Amino acid sequence: MGCSSSVPDRNTGRVGGLNPENGGLNDARNLRVKLVLLGDSGVGKSCIVLRFVRGQFDPTSKVTVGASFLSQTIALQDSTTVKFEIWDTAGQERYAALAPLYYRGAAVAVVVYDITSPETFNKAQFWVKELQKHGSPDIVMALVGNKADLHEKREVPFQDGVDFAEKNGMFFIETSAKTADNINQLFEELAKRLPRPSPS
Ligand SMILES: Nc1nc2c(ncn2[C@@H]2O[C@H](COP(=O)(O)OP(=O)(O)O)[C@@H](O)[C@H]2O)c(=O)[nH]1
Ligand SMILES: [Mg+2]
């Protein structure tokens, strides 16, 4: 079964105290952003979230019904913090096109494929086009080739990911939610790329 991140947020923020609730307002030092994950069912979206937020990988956990919402705050070198409010699907991507409602207002989109599956890479390209048409104009996007630990079963060359991402002005990284490889790096890089509100 897949990873389920549909569990209550226990607020495991790694920088507790540094990012007091600010009523949804962003200031120059403490950003709060909506992040959505897109990609075929089974590519490891929920596992990536679970690894990032809880430091866990649980291949046996069951998919729970309902939308799931988790948050995680990270601190950057320049002592700014970014609180990611992460929207994961509860498997709806399996049945129909995801409602634009899901990614409306998202500042960050993480488009995931599985490096062992060319079909999922095609679907990832579809999602990128979709976000370019209907997403926020200044959305920060990452293309993620997950399951990098399965290198002996690789069917999508690393360079294909690099090329597509470059053409579309996205950040590209290969990750493994299983081994934790590049998971924190993914979110740190996204945090760094966010447009900063200008100090007033
Ligand atoms: N080997 C490997 N398996 C993974 C990885 N990430 C997820 N999986 C497995 O892929 C399946 C689908 O994961 P899930 O997170 O539920 O995918 P989702 O449908 O995109 O949310 C599960 O069986 C996971 O155990 C990974 O990095 N490496
Ligand atoms: Mg999932």
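Residues numbered from 1 in each chain as written. Chains lettered and ligands numbered in written order. Predicted model: local features only at pLDDT ≥ 70, side-chain atom pairs only at ≥ 80, totals over all residues.

Enquirer: Got a minute to help me understand the overall build of the chain in this structure?
Expert: Helix and strand content of the chain: five helices and six strands. Walking the chain from its N terminus toward its C terminus, one meets helices and strands in the order β-α-β-β-α-β-α-β-α-β-α. By the burial criterion, 38% of the 200 residues in the chain qualify as buried. Relative to all contacts within the chain whose residues are 6 or more apart in sequence, the contacts with residues 24 or more apart total 74%. (Helix = DSSP H or I, 4+ residues; strand = E, 2+ residues; numbered from the N terminus. Buried ≥ 20, exposed ≤ 12 C-beta atoms within 10 Å, placed from the backbone. Contact = placed C-beta atoms within 7 Å.)

Enquirer: Could you clarify how one ought to interpret helix 1 (residues 45-54) in this entry?
Expert: Structural remark: α-helix, 3.6 residues per turn; residues separated by three or four positions point the same way. Within helix 1, nine of the ten residues are buried, which leaves it mostly tucked inside the rest of the structure. Positive phi appears at Gly55, one or two residues downstream of helix 1, with a value of about 70°.

Enquirer: Any chance you could explain the environment of Thr89 here in plain terms?
Expert: Counting through the fold element by element, Thr89 comes out in the loop between strand 3 (81-88) and helix 2 (100-103). Separated by 48 residues in sequence, Thr89 and Ser41 place their C-alpha atoms 9.5 Å apart.

Enquirer: Can you walk me through unusual backbone geometry in this structure?
Expert: In terms of backbone geometry, most residues other than glycine have negative phi values and most peptide bonds are trans. Unlike most non-glycine residues, Ser79 shows phi in positive territory, near 60°. Along the chain, Ser79 turns up in the loop between strand 2 (68-75) and strand 3. Of note in the backbone geometry, Asn182 takes a positive phi value of approximately 65° without being a glycine. Topologically, Asn182 is positioned in the loop between strand 6 (171-174) and helix 5 (183-193).

Enquirer: How should I be thinking about the pairing of strand 1 (residues 30-38) in this particular structure?
Expert: A regular strand places its side chains so that they alternate between the two faces of the sheet. Across seven bridges, the pairing between strand 1 and strand 3 is parallel. The residue of strand 3 that forms the bridge with Val33 is Phe84. The pairing of strand 1 with strand 4 (residues 108-114) spans four bridges and is classified as parallel. Note that in strand 4 the partner of Val36 across the bridge is Ala109. (Pairing = 2+ DSSP bridges.)

Enquirer: Is there a simple way to think about the packing of helix 1 against helix 5 in this case?
Expert: Packed helices, taken two at a time, are described by the angle their axes make and the gap between the axes. Direction vectors running N to C along helix 1 and helix 5 enclose 85°, while the axes themselves pass 9 Å from each other. With respect to helix 5, the element helix 1 is oriented roughly perpendicular. Between helix 1, through Ile48, Arg51 and Phe52, and helix 5, the contact on the second element is made entirely by Ile183, Asn184 and Phe187. In the contact of helix 1 with helix 5, the residues fall into four nonpolar, one polar and one charged. (Axes fitted to C-alpha atoms, helices over the stretch in contact; angles between N-to-C directions. Parallel < 35°, antiparallel > 145°, perpendicular 65-115°, else oblique. Nonpolar A, V, L, I, M, F, W, Y, C, P; charged D, E, K, R; others polar.)

Enquirer: Explain the nonpolar core to me, please; I cannot follow it from the model alone.
Expert: The biggest cluster of nonpolar side chains holds 48 residues, and the ones touching the most others in it are Ala109, Val110, Val111, Val112 and Ala142. Secondary-structure elements contributing two or more residues to this core are strand 1, helix 1, strand 3, strand 4, helix 3 (118-134), strand 5 (140-146) and helix 5. For Val112, the contacting residues outside a window of four places in its chain are Leu37, Gly39, Val43, Gly44, Lys45, Ile48, Ala124, Val144 and Asn146. (Core = buried A, V, L, I, M, F, W, Y, C linked by C-beta atoms within 7 Å.)

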